Amino acid sequence: MTTQYKSETDCLCVQSCGAGFSLQVWSRTGMTKSIDLTALNQHGKVYEDAQFGSLAWSSCESRVLYVAERRRAKAESLPVLQPTPANGSEGAGPSGMEEQAGREDRSVYREDWGEGLTSKSLPVLCVADVHKGSVSVLQGVPEQVSPGQALWAPGDSGVVFVGWWHEPFRLGLRFCSNRRSAVFCVDLEGNCECLSSDSSAVSSPRLSPDGRSLVYLQGRVFGPHAQCLQLQLFDWQIRRSSLLLDVVSRPTPGQFAGVYDPLLPRRCWAEDSRRLVFSSPSRSRKVRHRTHWIVCLCF
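Sequence order as written defines residue numbering, which begins from 1 separately in each chain. Only residues with pLDDT of at least 70 are given local features in this predicted model, and only at 80 or more are side-chain atom pairs given and counted; all residues enter the totals for whole chains, interfaces and linings. The basis for every side-chain value is the complete set of heavy atoms in the structure, and neither hydrogens nor water enter the calculation.

**Some words on the overall build of the protein chain**
For clarity, the threshold we go by: Secondary structure elements are taken from DSSP: a helix is a run of H or I of four residues or more, a strand is a run of E of two residues or more, and numbering for both begins at the N terminus. Each residue's exposure class comes from its accessible area (1.4 Å probe, protein chains only) as a fraction of the maximum for that residue type: buried when under 20%, exposed when over 50%, partly exposed otherwise. The contact criterion used throughout is that any non-hydrogen atoms of two residues lie within 4.5 Å. Note on areas: Shrake-Rupley, 1.4 Å probe, and residue coverage restricted to the protein chains presented here.
Along its length, the protein chain carries one helix and 20 strands. Out of the 299 residues in the protein chain, the part that is buried amounts to 42%. Long-range pairs, those at least 24 residues apart, make up 47% of the contacts in the protein chain between residues at least 6 apart in sequence. In the structure as shown, the protein chain presents an accessible area of about 16,900 Å², 49% of it carried by carbon and sulfur atoms.

**Regarding the confidence of the model for the protein chain**
Keep this limit in mind: Scored between 0 and 100, pLDDT is the confidence that the predictor attaches to each residue.
The pLDDT averaged across the protein chain works out to 83; a share of 80% of its residues lies at or above 70. Counted against residues more than four places away or in other chains, residues 286–292, with its pLDDT under 50, gives 11 contacts.

**Quick word on the pattern of salt bridges**
Threshold: Within this document, salt bridges are pairs made up of a side-chain nitrogen of Lys or Arg and a carboxyl oxygen of Asp or Glu, the two lying within 4 Å of each other.
Under the definition given, this model contains five salt bridges. For the salt bridge of K120 with D49, the shortest nitrogen-to-oxygen distance reads 3.9 Å. Linking K120 in the loop between strand 8 (97–100) and strand 9 (123–129) with D49 in the loop between helix 1 (37–40) and strand 5 (55–57), this pair joins segments that are 71 residues apart in sequence. Each member of the pair, K120 as well as D49, carries the same accessibility label: buried. Across the pair R70 and E143 runs a salt bridge whose closest N-O atoms are separated by 3.7 Å.

**Brief notes about the nonpolar core**
Using the following cut-off: Here, nonpolar core means buried Ala, Val, Leu, Ile, Met, Phe, Trp, Tyr and Cys residues that are tied together by side-chain atoms lying within 4.5 Å of each other.
Counting 34 residues, the largest nonpolar core has L125, V159, V160, L214 and W236 as its most contacted members. Of all the secondary structure elements, the ones that give two or more residues to this core are strand 6 (63–69), strand 9, strand 11 (145–152), strand 12 (158–165), strand 13 (181–187) and strand 16 (213–219). Residues within four places of L125 in sequence aside, it is in contact with Y66, V67, S136, V137, L138, V141, P147, A150, V159, F161 and V186. With 18 residues, the next largest nonpolar core counts V14, L23, V64 and A68 among its residues.

**Observations concerning the pairing of strand 2 (residues 11–17)**
The condition is simple: Here, any two strands with at least 2 DSSP bridges between them count as paired.
Judged from the seven bridges that link them, strand 2 and strand 3 (residues 20–27) form a sheet pairing that is antiparallel. Bridge pairing in strand 3 links C11 to W26. The hairpin formed by strand 2 and strand 3 contains two residues between the paired strands, and G18 there has a positive phi angle of roughly 65°.

**Notes on the environment of C13**
By secondary structure assignment, the location of C13 is in strand 2. Under the relative-accessibility criterion, C13 is labelled buried at 9%. Distance from C13 to W26, taken between C-alpha atoms, is 8.0 Å for residues 13 residues apart in sequence.

**A closer look at unusual backbone geometry**
With an omega dihedral of 5°, the bond running from E167 to P168 counts as a cis peptide bond. Note on placement: P168 falls in the loop between strand 12 and strand 13. At E115, a position not held by glycine, the phi torsion is positive, near 40°. Along the chain, the position of E115 falls in the loop between strand 8 and strand 9. Its identity is not glycine, yet Q149 carries a phi of approximately 50°, on the positive side. With respect to the secondary-structure elements, Q149 resides in strand 11. Overall, Q149 belongs to the buried group, its relative accessible area being 10%.

**Considerations on the sheet that holds strand 6**
Operational definition: To get an axis, a line is fitted to the C-alpha atoms, and for a helix only the part in contact is used. The angle between two axes follows their N-to-C directions and goes from 0 to 180 degrees.
Taken together, four strands build an open sheet; the order of strands is 5-6-9-10 and the sheet is antiparallel. Strands with a single pairing partner mark the edges of an open sheet, and in this sheet they are strand 5 and strand 10 (134–137). Within this sheet the neighbouring strands show an average axis-to-axis angle of 25°, counted without direction. Here strand 6 pairs with strand 9 via seven bridges, running antiparallel. Counterpart to E69 in the pairing with strand 9 is P123.

**Some words on the packing of aromatic side chains**
To keep it simple, the criterion reads: A pair of Phe, Tyr and Trp rings is counted when the ring centres sit within 6.5 Å of each other, with Trp represented by its six-membered ring. The angle between the planes then sorts it: under 30 degrees is stacked, over 60 is edge-to-face, the rest tilted.
All told, the structure shown has six aromatic pairs when counted by the stated rule. When the centroid spacing of 5.1 Å and the interplanar angle of 70° are considered together, the rings of F52 and W164 count as edge-to-face. Residue F52 is found in the loop between helix 1 and strand 5, and its partner W164 is found in strand 12; the two are separated by 112 residues along the sequence. Of the residues examined, W164 reaches a relative accessible area of 2% and is grouped as buried. Between W165 and F184, the aromatic rings sit 6.0 Å apart at their centres with planes inclined by 45°, giving tilted as the arrangement. Of this pair, W165 sits in strand 12 while F184 sits in strand 13, placing them 19 residues apart in sequence. Like F184, W165 is buried.

Set out below in structure tokens:
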């Protein structure tokens, strides 16, 4: 997983090596910084998928935001009983078994998000300090949701993310984008706020370069798979969402057919923060011809 510095001179990546992960900074001449995330033991595996995965620099380029699996607490690791020698040697308990703590009880079922997202169950938001070489896990994310698609809030004052509800079940999220979800913002003190409707299916928040507007996609919970989506705009100053593009029920031939891709481009905003550029499918033909609309919204 890689992302570019704002200066576009260096590159940030998360390197996977066996069961371990490291956060690396590369310049044009070689690697300049490496943080062993596994050795810090603040979380589990780093998420690199498109559904939950995130990797974002703060505006000062000293901190990195990413998503990883929550580290399992010791209470979740149950003791494993092993038989002791039958000759009654010292240390044998009344049951003839001795406890060995620290081993994970693999008989306990832990629900994950399934279908391409197996082993992903309880994601957490993580912040790495590149200069100090430390990692912290952000607190305040509601327990009933799994966070993902995270980005820095304006002024690096917090983190914006999409939270998917665990109920009624996790399984199948990758191919069922119509699950209940919402856009949240959690500050660095652990205070969390819901920015969107909490009864819809949302995805792909994108913050404008000036930090005043946040766009995201919204659909109906348990509506059609790959449904046409609304494009919503959250005004950061008045703290309110408004509709930019509605669902297109019956597109006119040759006209805009609606938004269907659940992910906006990472850099969909123009530099002036007034235009938004993305693609939308309009039709399918076997000949070489235009099959997508390039949409530019001005506001």
